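Architecture at a glance
What follows is each chain in one-letter form.
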Amino acid sequence: MASLAASRIARAQAYPTRPVRLVVGFPAGGAADITARLMGQWLSERLGQPFVIENRPGAGTNIGTEAVVKALPDGYTLLLVSAANTINATLYDRLNFNFMRDIAPVAGLIRGPLVMEVHPSVPARTVPEFIAYAKANPGKINMGSAGNGTPGHMSGELFKMTTGLDLVHVPYRGGAPALTDLLAGQVQVMFDNLPTSIEYIKAGKLQALAVTTAARAQMLPELPTVSEFVPDYEVSSWFGLGAPRGTPADVIAKLNAEVSAALTDPRLQTRIADLSSVPLPMSPRELATLIAAETEKWAKVIKFSGAKAD
């Protein structure tokens, strides 16, 4: 037993001895990709081996996730975990993997808000005013999203479920065309990532009503949260790090320690704040708890809404 323990310690100390692949199930350039590259650069500098970002978009992140599930559990293939993984567990009728079973949680990375926003033509400047307007106009307000099952769509469906409103979901092929139509007034309300909308909000081209997180956003501290008016409402855009099931515990522990150190670094914290986010330091067990809770929450919302994968 002592020999095995010594072997594990030596392996963890040596890791990594070659480049590590970090798979991102989103295209390059977005918040997920930026987060992965920030953390990859930190880990490369700290651990002395390249952490190579591999963008594998498609099927709502399922293509990238499946690639990691099938990889050798040796610590040299990692996954950028997100809320999308917890949504997909119910949204897709058939997957070639079970996310909670097949991906080992490693560490939390960041958490940020979405913003509930409306076209200025909508006569509402607060969440209560919007609820009153929507109740007076059932089935007449269009809610845009980046597509079925996306966090923005699920945020809107959770809002509908908790308020009893009748909003018409209009899915788009991505966030950019949805935002374009919101700016043009073709749809009236949207739940969007704050960084992509904040300049339009500041310019008065969109009216922000609230952020979706439990706490107010640092970038718009005067903006209330949805939960200040709708109890128990909370949605976060969050990212973590995962690995194939069976990855050695000592390797996971080493990665978790390095990520935790990164999240206390002032320079990295500044970059995270630029993404309208805050650090999300978590042990593997805490991340597993978050994944389980999010999976359960979104299963209820998907069943309520009847959402199906495109």
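Residues numbered from 1 in each chain as written. Predicted model: local features only at pLDDT ≥ 70, side-chain atom pairs only at ≥ 80, totals over all residues. Heavy atoms only, no water.

1. Focus on unusual backbone geometry
Under the convention used in this document: Numbering of helices and strands runs from the N terminus; a helix is a DSSP stretch of H or I covering at least four residues, while a strand is a stretch of E covering at least two.
Here the residue pair Tyr15 and Pro16 is connected by a cis peptide bond, since its omega of -5° sits within 30 degrees of zero. Position of Pro16 relative to the elements: it lies in the loop between helix 1 (2-14) and strand 1 (20-24). Notably, Ala59 is not glycine yet its phi reads approximately 50°, a positive angle. Of note, Ala59 is situated in the loop between strand 2 (51-55) and helix 3 (62-69).

2. So, the nonpolar core
For clarity, the threshold we go by: As used here, the term nonpolar core means buried Ala, Val, Leu, Ile, Met, Phe, Trp, Tyr and Cys residues forming a set that is joined through side-chain atoms within 4.5 Å. Burial classification: accessible surface area is computed with a 1.4 Å probe over protein chains only, and a residue below 20% of its type maximum counts as buried, one above 50% as exposed, and the rest as partly exposed. Note on contacts: a residue pair is in contact if any heavy atoms of the two residues lie within 4.5 Å.
By size, the foremost hydrophobic cluster in this structure holds 33 residues, and its most contacted members are Met39, Phe51, Leu78, Leu255 and Val259. The set of elements that each furnish at least two residues to this core consists of strand 1, helix 2 (31-47), strand 2, strand 3 (77-82), strand 4 (103-112), strand 10 (237-244), helix 10 (249-262) and helix 11 (266-274). Broken down by element, this core gets its largest block of residues, seven residues, from helix 2. Look past the residues within four positions of Leu78 in its chain and what remains in contact with it is Val20, Arg21, Leu22, Val23, Phe51, Val68, Leu241, Gly242, Ala243 and Leu255. Within the second largest apolar cluster, 31 residues are counted, among which are Val127, Leu167, Val226 and Val301.

3. A closer look at the pattern of salt bridges
The condition is simple: For this analysis, a salt bridge means a side-chain nitrogen from Lys or Arg found within 4 Å of a carboxyl oxygen belonging to Asp or Glu.
Inspection of every chain in the model, using the stated rule, returns 14 salt bridges. Across the pair Lys70 and Glu66 runs a salt bridge whose closest N-O atoms are separated by 2.9 Å. We note a salt bridge from Glu296 to Lys300, for which the minimum N-O separation is 3.9 Å. Highlighted residues: Glu296 and Lys300, both in helix 12 (residues 284-305), separated by four residues, approximately one helical turn.

4. Comments concerning the sheet that holds strand 5 (residues 114-118)
We apply this condition: For two strands to pair, DSSP has to find at least two bridges joining them. Angles here are taken between N-to-C directions and fall from 0 to 180 degrees, while the axes themselves are lines fitted to C-alpha atoms, restricted in helices to the stretch in contact.
The strand order 7-6-8-5-9 describes an open sheet built from five strands, whose pairing is mixed. In this open sheet, the two edge strands, each paired with only one partner strand, are strand 7 (168-171) and strand 9 (207-211). Here the average twist between neighbouring strands, direction ignored, is 30°. When strand 5 meets strand 9, the two strands line up antiparallel, connected through four bridges.

5. With respect to helix 4 (residues 83-91)
The element helix 4 is largely enclosed, with a buried count of seven among its nine residues. For helix 4, the complete set of buried residues consists of Ala83, Ala84, Asn85, Thr86, Ile87, Asn88 and Leu91.

6. Let's talk about the packing of helix 4 against helix 12
Selection rule: Throughout, the term roughly parallel applies to angles under 35 degrees, roughly antiparallel to angles over 145, roughly perpendicular to angles from 65 to 115, and oblique to all others. Handedness of a crossing is defined here by the sense of rotation of the near helix relative to the far one, left-handed for an anticlockwise turn of less than a right angle and right-handed for a clockwise turn. Residue polarity follows a fixed list, in which Ala, Val, Leu, Ile, Met, Phe, Trp, Tyr, Cys and Pro are nonpolar, Asp, Glu, Lys and Arg are charged, and the others, Gly among them, are polar.
Packing of helix 4 against helix 12 leaves a shortest axis separation of 8 Å and a crossing angle of 45°. What the angle tells us is that helix 4 and helix 12 run oblique. In this structure, helix 4 meets helix 12 at a crossing whose hand is right-handed. Between helix 4 and helix 12, the contacting residues are Ala83, Thr86, Ile87, Ala89, Thr90 and Leu91 on the first element and Ile291, Glu294, Thr295, Trp298, Ala299 and Ile302 on the second. A breakdown of the residues in the contact of helix 4 with helix 12 according to their chemical character gives eight nonpolar, three polar and one charged.

7. A few points about the pairing of strand 3
Here strand 3 lies mainly inside the structure; six of its six residues are buried. Of the two faces of strand 3, the one carrying Thr77, Leu79 and Val81 and the one carrying Leu78, Leu80 and Ser82 are both buried. Looking at chain direction, strand 1 and strand 3 are connected through three bridges and run parallel. If you follow Arg21 over to strand 3, its bridge partner there is Thr77. Alignment of strand 3 against strand 10, held across four bridges, turns out to be antiparallel. Paired with Ser82 across the strands is Phe239, a residue of strand 10.

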